[in-house]
Amino acid sequence: MQFKRVVVTGIGALTPIGNSREEYWANLEKGVSGAAPITRFDSEKFKTKFACEVKNFNVEDFIDRREARRMDPYTHYAMVVADEAFKDAGLSEDQYDSDRSGVIWGSGIGGLHTLLTETRAYIQGDGTPRISPFFIPMMISDIAGGYISMKYNLRGPNFTTVSACASSNNAIMDAFTYLRTGKADLMITGGSEACVNELAMGGFNSMKALSERNDDYKTASRPFDKDRDGFVLGEGAAALVLETLDHALARGAKIYCEIAGGGLSADAHHITAPHPEGLGASNVMKTALADAELNPSDIDYINVHGTSTPLGDVSETKAIQSVFGEHAYNLNISSTKSMTGHLLGAAGAIEALACIMAITKDIIPPTINHFTDDEAFDPKLNFTFNKAQNRTVSAALSNTFGFGGHNVSLILKKYR
C-alpha cells in the first residue's frame, strides 16, 4: 500500500500555563511554572496541596450555560480546544466531506468530576437514587469526541482511546493511521483531562506518586533532578487538525508540520512501574523510527515523558541511550511537564503540540526546576535545563507512557 502523507493544519491548547496555543507556547519558551495552591477543593487534609490547574477559565465564555451544565469539565476543555484548532485550520463545512472526516479523542479517566459529584450527592442523601439523567453521558470517556463530531458534523471514524497517560498520543496515532491509509481525509484529534479533585489527589498520594513539596510548589516538578519526589497533577487539553496532504493542499491550508510515523509497545512488566531498563520505551522508539523511515541521527529533539518520578526518569533515559547511541549526545531533550505538570491522558497531545511549535519556531522549550545533578544520568546528555535553546528542529519525537505499561512514540517533522 502507498501511504498518504499526513500534515497538521490546526492546533488548540488549554493548559495550566496558557489558555491558547500562543499563550501556551510563549510561557513554555519562557519557562513558566503552572503549579499553584489547589483552588478546586479544600486540600488542607491532603499530603499534596498544589497542582497545575487551568486558570482564569470561564466555560460560559465559550459554551452556552445550559449546554455546559450537561458536560463534565473534561468535555468543556475538549470543546474549547477543538474550536480553537478548527478555526486555526481555517475550516468551514463546505471544505470537507463529513463522511470522510472524524474525531479520535483521548482521555485516561474521563468524567471523574461528575462521578465524584453524583456519588457524593447520593451518599449525602436519604438513600433514594436521585441520580441525574445526565450522569452517565457526562461521565463516560467517549462523550467529548461525540460532542465534537456533532458540532462540526463529522460523520467519519469516531472513538476514544483509553491507555492511561498514553491516551491522547494513542488517539493521534489512530487518526494518523486512518488518514495515511486513505480511510479518511480530515480528523480532529487530541485529548483532555480534568482530574484535580479529591479522588485523584487522594489516589495518587496514596500511591506516593505525587510531589509533596508544598513549601516550594513552583519548583516541585523536577524531572532529572536528584531531589525529584514525584509528579505534579495537571489538567487541560490540546487538539490537532490532521489532514492528508492532498486534502490540505486542495483547500490551500497552512501547514505546521508533517507526521512522519509512530510506534506502540507494552512494557509487560508492572501495572504502574516502568521496566527498569526501559525495555518498552526502547522498543516503542525503535518502532517509531522504523515506521517513519528515519535514522536515529535524523531526530533533533525528544519531548520526553519525564514525569519527575525517581524510577521513570531513569528508565526513559536508559532507553534513549540504548536507541540513539552516540547520537544521544547530539539531541536536545526536555520535559515540558516541569512547567505544565502531568496532564494524564491529555499529556501526549499537549506535548505533541510542544514538538510542533519547536519545529515551526526552531526553539527547544526547557526542562525547568533543575538544581542538583543526579549521578544516575549521563552528564553529557543535553536536558535543556532551565532555559530554552535555539536549534533547527527538522524532526522531533514525543514519548508518552501510561500505567499498565502502555507506550506511544510519535515522530513529527518539518513539512517540505
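Remember, it's a predicted structure, so these values are computed and weren't measured experimentally.

Details of the overall build of the chain
Alright, step 1. Broken down by element type, the chain carries 13 helices and 14 strands.
Alright, step 2. By the compact-globule yardstick of 22 Å for 416 residues, the chain fits well, its C-alpha radius of gyration being 20 Å.
Alright, step 3. Taken along the three principal axes of its C-alpha coordinates, the chain extends 65 × 55 × 40 Å.
Alright, step 4. The buried share of the chain, reckoned over its 416 residues, is 61%.
Alright, step 5. Pairs at least 24 residues apart make up 80% of the contacts formed inside the chain by residues separated by at least 6 positions.

Examining the packing of aromatic side chains
Alright, step 1. Taken as a whole and assessed by the stated rule, the structure comprises 13 aromatic pairs.
Alright, step 2. Judged by centre distance (4.0 Å) and plane angle (20°), the rings of F86 and Y152 are stacked. Taken together, the residues span a long stretch of sequence, with F86 in helix α3 (residues 73-88) and Y152 in helix α6 (residues 143-152) at a distance of 66 residues.
Alright, step 3. These aromatic residues form a ring-pair network of at least three members: F224, F377, F383 and F385.
Alright, step 4. Taking the ring centre of F3 as reference, the NZ or CZ of R180 above it sits at 4.4 Å.
Alright, step 5. For K380, the ring lying beneath its charged end belongs to Y329, and the centroid distance is 4.4 Å.

Points about the sheet that holds strand β6 (residues 186-193)
Alright, step 1. In spatial order, the strands read β5-β4-β6-β7-β1-β8-β14-β13-β9-β10; together these ten strands make up an open sheet with mixed pairing. Of all the strands in the sheet, just β5 (158-161) and β10 (332-334) have a single pairing partner and so form its edges. For this sheet the average axis-to-axis angle between neighbouring strands, irrespective of direction, equals 25°.
Alright, step 2. Two elements, strand β1 (residues 6-14) and strand β7 (residues 236-244), share eight bridges in a ladder whose sense is antiparallel. Of the residues in β7, the one forming a bridge with G10 is V241.
Alright, step 3. Along the sheet, helix α11 (residues 310-324) contacts β9 (301-303), β10 and β13 (395-402); its crossing angle with β13, the most-contacted strand, is approximately 140°.

Criteria and cut-off values
- Residues numbered from 1 in each chain as written.
- Predicted model: local features only at pLDDT ≥ 70, side-chain atom pairs only at ≥ 80, totals over all residues.
- Heavy atoms only, no water.
- Helix = DSSP H or I, 4+ residues; strand = E, 2+ residues; numbered from the N terminus.
- Rg over C-alpha atoms; globule rule 2.2 N^0.38 Å.
- Buried < 20%, exposed > 50% of the residue type's maximum accessible area, 1.4 Å probe, protein only.
- Contact = heavy atoms within 4.5 Å.
- Phe/Tyr/Trp six-rings, centres within 6.5 Å; stacked < 30°, edge-to-face > 60°.
- Lys NZ or Arg CZ within 6 Å of the ring centre and 35° of its normal.
- Pairing = 2+ DSSP bridges.
- Axes fitted to C-alpha atoms, helices over the stretch in contact; angles between N-to-C directions.

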